[in-house]
Amino acid sequence: MATTPNTSPVRPTRSRKQQLVRLVVSGFIWLGAAILYYFAFSIFVDTPMEYELKHRGDRMKQEYQALESRYDTLMLVLENLAERDRAVFRSLFESDPYNFDTEETTRRDETYEAIFNRSTRRLKRDMRDRTAQLEKQMESLNASYQALHEAILEQGEGTHNIPSMQPVINKQLTLLTTSYGMRIHPFYKTLTSHQGVDYAIPEGSRVFATADGRVKEVRRSSTQGQTVIIDHGNGYETSYSHLSKISVVKNQRVRRGDIIALSGDTGLSLAPHLHYEVRLNGMRVDPIHYFFMELDPIEYERLMRIAQSGMQAFD
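As the structure is a computational prediction, the values presented were derived from the model and not from experiment.

Next up on the list: the pairing of strand E8 (residues 236-246). Consecutive side chains of a regular strand alternate in pointing toward one face of the sheet and then the other. Among the 11 residues that make up E8, eight are buried, leaving the element largely enclosed by the rest of the structure. With six bridges joining them, strand E7 (residues 225-233) and E8 adopt antiparallel strand pairing. What sits directly across from Gly233, in E8, is Tyr236. Connecting the antiparallel pair E7 and E8 is a turn made up of two residues, with Asn234 showing a positive phi of about 55°. The pairing of E8 with strand E11 (residues 274-280) spans six bridges and is antiparallel. Paired with Tyr236 across the strands is Leu280, a residue of E11. As paired strands, E8 and strand E10 (residues 259-263) are joined by three bridges and run antiparallel to one another. Bridge pairing links Ile246 to Ala261 in E10.

Attention now moves to the packing of aromatic side chains. Counted under the stated rule, the structure contains three aromatic pairs. A centroid spacing of 5.7 Å and a plane angle of 70° characterise the contact between Tyr236 and Tyr290, whose relative ring orientation is edge-to-face. Taken as a pair, Tyr236 in strand E8 and Tyr290 in the loop between strand E12 (283-285) and helix H5 (297-308) lie far apart in primary sequence, 54 residues in all. Each member of the pair Tyr236 and Tyr290 is classed as buried. For the pair Tyr240 and Tyr276, a centre-to-centre distance of 5.3 Å together with 45° between the ring planes defines the contact as tilted. In this pair, Tyr240 is assigned in strand E8 and Tyr276 in strand E11, connecting sequence segments 36 residues apart. We note that Tyr240, like Tyr276, is buried. One aromatic cluster in this structure is built from Tyr240, Tyr276 and Phe291.

The rules we used
Within each chain, residues carry numbers counting from 1 in the order of the written sequence. Whole-chain, interface and lining totals are the exception, using all residues; otherwise, since this is a predicted model, local features are given only for residues with pLDDT of at least 70 and side-chain atom pairs are given and counted only at 80 or more. Processing note: side-chain calculations cover all non-hydrogen atoms of the structure and skip hydrogens and water entirely. Each residue's exposure class comes from its accessible area (1.4 Å probe, protein chains only) as a fraction of the maximum for that residue type: buried when under 20%, exposed when over 50%, partly exposed otherwise. Where helices and strands are cited, they refer to DSSP runs of H or I of at least four residues and of E of at least two residues respectively, numbered from the N terminus. DSSP calls a pair of strands paired once it identifies at least 2 bridges connecting them. Here a Phe, Tyr or Trp ring, Trp counted by its six-membered ring, pairs with any other such ring whose centre lies within 6.5 Å, and the pair is stacked when the planes are under 30 degrees apart, edge-to-face when over 60, and tilted otherwise.

Structure (structure tokens):
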């Protein structure tokens, strides 16, 4: 009896597997091509957002370069002005203007160099000596404080009659524009003695009495404009000039901090400001030394720098 061979559908199954493999391979190829196309498109072609950001960055770069160029120009102009001011100062006073910052930097560098080159043993000895010296100074300062305190107690109410504050509100210390000393007159353009300080303040600003006293004089002149003079006793007098409105009368008693007038631009004045003077026994003295009630040492030094930075007076 003849037997027939056992035939199974192997070929159709293998064909399906091959088709599935080809589809998977084709899928990976298309996916790789898509990824390559995306990267190529991203590299060579910008999206609208990327295009805007890139050009915005270019504009900012151009603006930065323009600002940098302008900054360099302004710095050059400022250096030229500073050198011109120094030349004017040297021609008038035959010396270089004083520079607080340069002195402080030089002193700090010298101190650092001196400390850096010392040995540890030397530093310990110097620290011990410095501490002992500071203790002696503290004892001396304490004795001086006690003596000053006793003197104040002896003076009693007389301390209220010593000018000890600024005549205007100047918390930022930026309103004082001209200090006591030799200054260039704004109208005659000559070097004259400026025997007070000028505050560049808007017209109508409040002016305060800087100590207790009695109004000695209220007057108006062609040069000082409307002026108030207060006699504080103990040889002290203060003067307030170029006022627009006066709130006190002659012989009126005032106390430190009272509003006595409003600032103005009367008399021979370059711009609205207050001219303030302190007189001791008939001699005009530097008013900056009489702001001790409201200025600490740091603020006092800052005010001195501001005062010495300009030479143009307002009257």
